[in-house]
4 protein chains.
Amino acid sequence: MGNFKGHALPGSFFLLFGLWWSVKYPLKYVCRKNKNACYLGTRAGFQRLELIEGIIKAVFALIGMIAEQFVPDGPHLKLYNYEENHWDHLMNWQHATMYLFYCISGLVDIVAHGTNALPVAMDRMMLSLAVFVEGFLFYYHIHGRAMLDLHVHQLLLVAIFGAAICIFLEVFFRGSIVLEMFRTSLCILQGSWFWQTTKWLCIWSLLIPYKLDYCRIIQAGTEFVCMRKEGATKIGFVLYPPNGSPEWNQMDHNNMMFLTMCYCWHYAFAFLILAVNYTIVSWRVCSKIKQAQSVEMGLLKTAERDQESEDEI
Amino acid sequence: MGNFKGHALPGSFFLLFGLWWSVKYPLKYVCRKNKNACYLGTRAGFQRLELIEGIIKAVFALIGMIAEQFVPDGPHLKLYNYEENHWDHLMNWQHATMYLFYCISGLVDIVAHGTNALPVAMDRMMLSLAVFVEGFLFYYHIHGRAMLDLHVHQLLLVAIFGAAICIFLEVFFRGSIVLEMFRTSLCILQGSWFWQTTKWLCIWSLLIPYKLDYCRIIQAGTEFVCMRKEGATKIGFVLYPPNGSPEWNQMDHNNMMFLTMCYCWHYAFAFLILAVNYTIVSWRVCSKIKQAQSVEMGLLKTAERDQESEDEI
Amino acid sequence: MGNFKGHALPGSFFLLFGLWWSVKYPLKYVCRKNKNACYLGTRAGFQRLELIEGIIKAVFALIGMIAEQFVPDGPHLKLYNYEENHWDHLMNWQHATMYLFYCISGLVDIVAHGTNALPVAMDRMMLSLAVFVEGFLFYYHIHGRAMLDLHVHQLLLVAIFGAAICIFLEVFFRGSIVLEMFRTSLCILQGSWFWQTTKWLCIWSLLIPYKLDYCRIIQAGTEFVCMRKEGATKIGFVLYPPNGSPEWNQMDHNNMMFLTMCYCWHYAFAFLILAVNYTIVSWRVCSKIKQAQSVEMGLLKTAERDQESEDEI
Amino acid sequence: MGNFKGHALPGSFFLLFGLWWSVKYPLKYVCRKNKNACYLGTRAGFQRLELIEGIIKAVFALIGMIAEQFVPDGPHLKLYNYEENHWDHLMNWQHATMYLFYCISGLVDIVAHGTNALPVAMDRMMLSLAVFVEGFLFYYHIHGRAMLDLHVHQLLLVAIFGAAICIFLEVFFRGSIVLEMFRTSLCILQGSWFWQTTKWLCIWSLLIPYKLDYCRIIQAGTEFVCMRKEGATKIGFVLYPPNGSPEWNQMDHNNMMFLTMCYCWHYAFAFLILAVNYTIVSWRVCSKIKQAQSVEMGLLKTAERDQESEDEI
């Protein structure tokens, strides 16, 4: 259950934001290209979106912080255990600290886009810092673990620090669709990797129904078989095998190579999602523009006909 | 006492500069936005500020250098101890070298902003180099220490090299408020971390009177209790516990994780300071502008009334 | 034979692309300089080239993926060996993953240059990511090998990550001839180094006929003699000595230094190729322009003469 | 003697170039500021300078290559020793390879500034690569040495890679005086550090006559006394103590710290040289401009007086 908070919860946040961004940024780009034809292309509309995004981010982060502190086995704001002379629930405190910076980032978003007081570029700077702090805490979080566990987290660090650099670049190249797409892909990657390494239900294995056999093979990598036909999908994962199941060999170099590869597949998958969403958005906007144009044309034609009929009269 | 020179003195310098910058840059930004309404918005005014800043920096650095050399237990310009065949007070020499580069940076500021001879961007370049040299000396300074001690200094290196990169970027993106705020936050972080790791009085624990209990918890992390009620605040710290107190366990991974987290809190605290100062500055400037405008309006109205009365006559 | 797929095949791809780019980019640059005189200087012409390049890249990558999977000793899409409980042909899977990202990059090229839907800069971003993923997989690929083997691959990583950074910079500085030449040189370097470390025929030793003795000396470095006079060039290489030949001493520091140096010679060689191709392209284009101008001049002169003769008449 | 080629020769090259640049770039900057008043401010003049610089660089590099190969104890183009089955004079080959890339850089300079064929920015790119290759070879050069020896070379790597990055930035920010000054300072640093670590005569100790006592102290660091009064300055240095002298303790952490500090002093010294040269150049140009202006004024006045006298007549 502790793992749910640590991996599945942030994973869901990242996935949600990634999916939302994979719709928002293509929409913004397509609307900017077809300026006059788009009702959403206004700057004010997108600024309101950013504001709402900031509020949601801040609320999510607040929920995360409270959840980390006040779950039954949480620290309840106690930092040090005097009886046993050791730190109390350091993991929860670390996760709460991570959420704290996302919360600050959300607040800066709200002020920067809701009022006129703060320079707009501050939102990217704070988001970049929030991501960096996440990576920074992660980096010392994983000190002294077994090789495979370390590797799984190190892979995540690549995505996290990559995202931090990407967002930092956005401070200077604001509105670059390329950087925005890059950030989105890294965000989805993070989210899906968090889920991959959770012991919770494997959602993405449920999403590949057409190729059950292949799904089995991948899961076999975790030395379990995906029993989809029985309804209850009980799948073991890399980090936390269910009780009674054989654990992964933490020192096997081949496992490490497989995981690296698996990580790349996740990234390819993130690009697939991006491509699909981009296509849908482009297609919808284009069809709407055509519709609008044909209506306009129709109105024009009617107007002309009226004119003609008037002339005739 | 030696530690005072090494941690508390530079910490105070960094804090002072950080606090000053957290007022200066928002002021500059707000004044630039409301150009005509601001008496400080002139380029000449800010150039004079930069000049004064350079002088103060150079003087501070000079004081630092002299203090390092001529304190009672300093090297007094002696580099090598012939009697015992070892280097003499290398630490003091290193600190003096760090100050030397800040002194050079101050001199370049003075020449760049006081005369017309040097390109203005040279001031950022030299400041960036001064910060880099500080980090560079630090890096070899901490070679071969115990894990926790090393970690405390490594955390500082992140802020130092981050600041060096940020200032280097300012060479090309001069006057970017985002980079200036980023630099300010890192500067405050450095200063407060220097103080956190000193054995001097814990200033910031005195600043949190409203939540004494929480203060106790944090201090408990250092295995001491903040006895604020007795007047004399005797608090032990991470690196230098007072005599007779149990030292930190240098090899405990949990301590390392706590310190990393604590460092992040310092950073959040730096942003809090920034936010407060930014708000105050914005609010003061805006209220002054409104006042000026209302005075103007009043004068206009009086003038109009006079006109009207004249017309009546 | 397995090595052929892993080193010689990608090496050939990189060499082909490098050589093609060493013709294309100088041509583009020279044409842009002499705008009106060049039939290829049109934007549309180069966009079609990019499209074709994308198609070829995607097809090559597809061939690579299929070859990795379905060669006689390939995995045939099987990932896990249930009988012996270990991963099946992980190397092939890794190579296929590398090709996958190049394939995605090719597809993005096709969409970005063939249609109007995608921002053009996406092609560089995806290529940069494909190169980065190659390096990323390589990095964990080489974990735990012998020193010299590791070193040979690490040298490659310098070129790979260098290329990834260079292409990423092209997102922002698109069309910069300097970055394009830099990328081309790194691409040729990669290709030639892949070949250098293959046990296949040493192609570049055949290309230096004028200094056979020197060729012998280099090959001697691999403890073999280049028997060019017998027709069959049987040369052993660093990583995979032919059966029966003495292997390289994997732990000798001198071997490592030699290989580093050899790598630099490859790079100098890449620049030689670039210089030669650049010269040829410049010279051809210039001579064509002169020809065209003289034809024009001739036509003009004829026209003038006609005019004159008309006047005379 | 072998050390002379390896440290003192490149050190002299770097020092010469650094000193020349510390004159050239300030001159260029001052001339650009006072455009009409400067006979050297023409683009053509500086392009010719760049051309000459390229030629000198190429010639120096060629001399270096030949010197490395054909000194009495050089390899004479022999790479492998068949009798004893080991590499022959690998060091000399490595140094020759370094010179090779500087030679290529010189050639590119010549073509880029002498003809119109190559884009001008290529000269910075090649110089950056040449510096990078130097650092790259150095990096593997120092593998497996004693701690202090390693450290001395690692310090150099900071300057080398810093210069490579700086020159690479110049590709995009060409003509930025800040980057040019930065590069110059790193170049002087490299040169002076090469000399510091040579067993040749200590030139810079001869340059500080006014503070002999301090000079003694520094040299004492190398456990020798600078016997300046006897005429023959026999000074031992860090890496290569003269025969019979006690060597440095390679494992003492204090020695490492001293050297790091000493390196920083060298850098401060480089800035001193830069400042002095900058001042002289600025002052000379300004005085020339004033002179020219007063001559002009004089001529004007004479002309006016003539006019007046003419009027009087």
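Residues numbered from 1 in each chain as written. Chains lettered and ligands numbered in written order. Predicted model: local features only at pLDDT ≥ 70, side-chain atom pairs only at ≥ 80, totals over all residues. Heavy atoms only, no water.

With an unreviewed UniProt entry as reference, chain A is termed Transmembrane protein 45A, source organism Crocodylus porosus. On record in UniProt, under Sequence similarities (unreviewed entry), the comment for chain A is "Belongs to the TMEM45 family." According to the UniProt record, the Subcellular location (unreviewed entry) comment for chain A reads "Membrane". (UniProt positions renumbered as here; feature names shortened; annotations may be inferred.)

**Quick notes on the relation of the copies chain A and chain B**
By a simple turn and slide, chain A fits onto chain B: the slide is 0.1 Å along the axis, the RMSD is 0.2 Å, and the turn is 90°. Here the transformation between the copies is reduced to the relation of a four-fold axis. Ranked by how close their C-alpha atoms come to the rotation axis, the residues of chain A are headed by A:F172, at 7.7 Å. (Least-squares fit on C-alpha atoms with pLDDT ≥ 70 in both.)

**Some details on a nonpolar patch on the surface**
Residue and element names in this part refer to chain A. A cluster of nonpolar side chains, L62, I66, F70 and L77, forms an exposed patch at the surface whose accessible area comes to about 370 Å². Relative to the helices and strands, I66 is located in helix α2 (residues 43–70). Given a relative accessible area of 47%, I66 falls into the partly exposed group. (Patch = residues over 30% accessible without salt bridge, like charges linked within 9 Å, V, L, I, M, F, W, Y side chains within 5 Å. Areas by Shrake-Rupley, 256 points an atom, 1.4 Å probe, with all protein chains shown as cover. Salt bridge = Lys/Arg side-chain N within 4 Å of Asp/Glu carboxyl O. Helix = DSSP H or I, 4+ residues; strand = E, 2+ residues; numbered from the N terminus. Buried < 20%, exposed > 50% of the residue type's maximum accessible area, 1.4 Å probe, protein only.)

**Examining the interface of chain D and chain C**
The partner chain C presents 36 residues to the 32 residues of chain D that form the contact. A per-residue breakdown of the area chain D buries against chain C is headed by D:W87, D:Y140 and D:F172, which together make up 21% of the total. Here chain D and chain C share zero salt bridges between them. Taken together, the connections running from chain D to chain C amount to three residue pairs in polar contact (both at pLDDT 80 or more). Elements supplying a minimum of two residues to the side of chain D that touches chain C: α3 (90–114), α4 (122–141) and α5 (147–172) of chain D. Examining the composition of the side of chain D that touches chain C, we find that ten residues originate from one element, α4(D), more than from any other. A per-class count over the side of chain D that touches chain C returns 27 nonpolar, five polar and no charged. (Contact = heavy atoms within 4.5 Å. Buried area = accessible area lost by both parts, 1.4 Å probe. Polar contact = N/O pair within 3.5 Å; in protein donor to acceptor, adjacent residues only side chain to side chain. Nonpolar A, V, L, I, M, F, W, Y, C, P; charged D, E, K, R; others polar.)

**A closer look at the packing of aromatic side chains**
To describe a pair of aromatic rings, one takes the distance between the centres and the angle between the planes. Summed over the entire model, instances satisfying the criterion amount to 84 aromatic pairs over all chains. Between B:W93 and D:W265 the ring centres are 5.7 Å apart and the planes differ by 65°, which places this aromatic pair in the edge-to-face class. With one member in each of two chains, B:W93 in helix α3 (residues 90–114) and D:W265 in helix α9 (residues 253–312) form a pair that bridges those chains. D:W265 matches B:W93 in its accessibility class, with the two residues each being buried. Put simply, the rings of A:F132, A:F136, A:Y139, A:Y140, A:F161, B:W193 and B:Y263 touch in pairs and so form one group of aromatic residues. (Phe/Tyr/Trp six-rings, centres within 6.5 Å; stacked < 30°, edge-to-face > 60°.)

**Some thoughts on the UniProt feature "transmembrane region" (unreviewed entry) in chain A**
Residue and element names in this part refer to chain A. Mapped onto this structure's residue numbering, the UniProt feature "transmembrane region" (unreviewed entry) falls at residues 6–23, 51–71, 91–112, 124–142, 154–173 and 258–280. Overall, residues 51–71 shows 95% helix and 0% strand. The separation of its end C-alpha atoms is 30 Å. Helix makes up 100% of residues 258–280 and strand makes up 0%, while its end C-alpha atoms are separated by 33 Å.

**Description of helix α6 (residues 177–196) of chain C**
Spanning 20 residues, α6(C) covers 28 Å between terminal C-alpha atoms, matching the ideal 28 Å at 1.5 Å per step. In terms of residue burial, α6(C) counts as a mostly covered element, since 20 of its 20 residues are buried. (Expected span 1.5 Å × (residues − 1).)

**Focus: the side chain of D:K24**
Within the secondary structure, D:K24 sits in helix α1 (residues 2–33). Excluding anything up to four places from it in sequence, D:K24 contacts D:F46, D:E50 and D:E53.

**So, the interface of chain A and chain B**
Taken together, the contacts link 32 residues of chain A with 36 residues of chain B. Interface area, chain A with chain B, both sides summed: about 3100 Å², of which 81% is carbon and sulfur. The largest contributions to the chain A side of the interface with chain B come from A:W87, A:Y140 and A:F172, which together make up 21% of the buried area. The tally of links from chain A across to chain B stands at zero salt bridges. Taken together, chain A and chain B are joined by three residue pairs in polar contact (both at pLDDT 80 or more). Those elements giving two or more residues to the side of chain A that touches chain B turn out to be α3 (90–114), α4 (122–141) and α5 (147–172) of chain A. Looking at the side of chain A that touches chain B element by element, the count peaks at ten residues for α4(A). Tallied by class, residues from the side of chain A that touches chain B come to 27 nonpolar, five polar and no charged.

**Quick word on the packing of α4(A) against helix α6 (residues 177–196) of chain A**
When two helices pack together, you describe them by how their axes are tilted relative to each other and by the distance separating the axes. Residues and elements named next belong to chain A. Viewed as axis vectors pointing N to C, α4 and α6 meet at an angle of 35°, and their least axial separation amounts to 14 Å. The interaxial crossing formed by α4 with α6 has left-handed handedness. Packed against α4, whose contacting residues are R124, L127, E134 and F138, the element α6 presents E180, R183, Q190 and F194 at the interface. Along the lines of polarity and charge, the residues of the contact of α4 with α6 split into three nonpolar, one polar and four charged. (Axes fitted to C-alpha atoms, helices over the stretch in contact; angles between N-to-C directions. Left-handed = near helix turned anticlockwise from the far one by under 90°.)

**A few points about the packing of helix α4 (residues 122–141) of chain B against α5(D)**
Where α4(B) meets α5(D), the axes come as close as 13 Å, and the angle between the chain directions of the two elements is 160°. Here α5(D) runs roughly antiparallel to α4(B), going by the angle between their axes. Crossing of α4(B) against α5(D): the hand is right-handed. When α4(B) is examined against α5(D), the residues B:F132, B:F136 and B:Y140 are found in contact with a partner set consisting of D:H151, D:Q154, D:L155 and D:V158. In the contact of α4(B) with α5(D), the residues fall into five nonpolar, two polar and no charged. (Parallel < 35°, antiparallel > 145°, perpendicular 65-115°, else oblique.)

**A look at the side chain of D:N92**
You can see D:N92 is positioned in helix α3. Of the polar contacts made by the side chain of D:N92, one reaches the backbone oxygen of D:E68; its length is 2.9 Å.

**Comments concerning the state of the cysteines**
Across all of its chains, the model carries zero disulfides over all chains by this definition. Among the cysteines around B:C103, which has no disulfide bond, D:C264 carries the closest sulfur, lying 15 Å off. Take B:C103: its relative accessible area is 11%, and that puts it in the buried class. (Disulfide = S-S within 2.5 Å.)

**Describing the pattern of salt bridges**
Residue and element names in this part refer to chain C. Throughout the structure, instances matching the rule amount to 32 salt bridges over all chains. Ionic pairing is found between K57 and D109, a salt bridge with its closest N-O pair at 3.2 Å. On the criterion of sequence distance, the pair formed by K57 in helix α2 (residues 43–70) and D109 in helix α3 (residues 90–114) is long-range, its members being 52 residues apart. Of the two residues, K57 and D109, neither departs from the other in class, the shared state being buried. Between D123 and R124 there is a salt bridge whose closest N-O contact spans 3.1 Å. For D123, a relative accessible area of 2% translates into the label buried.

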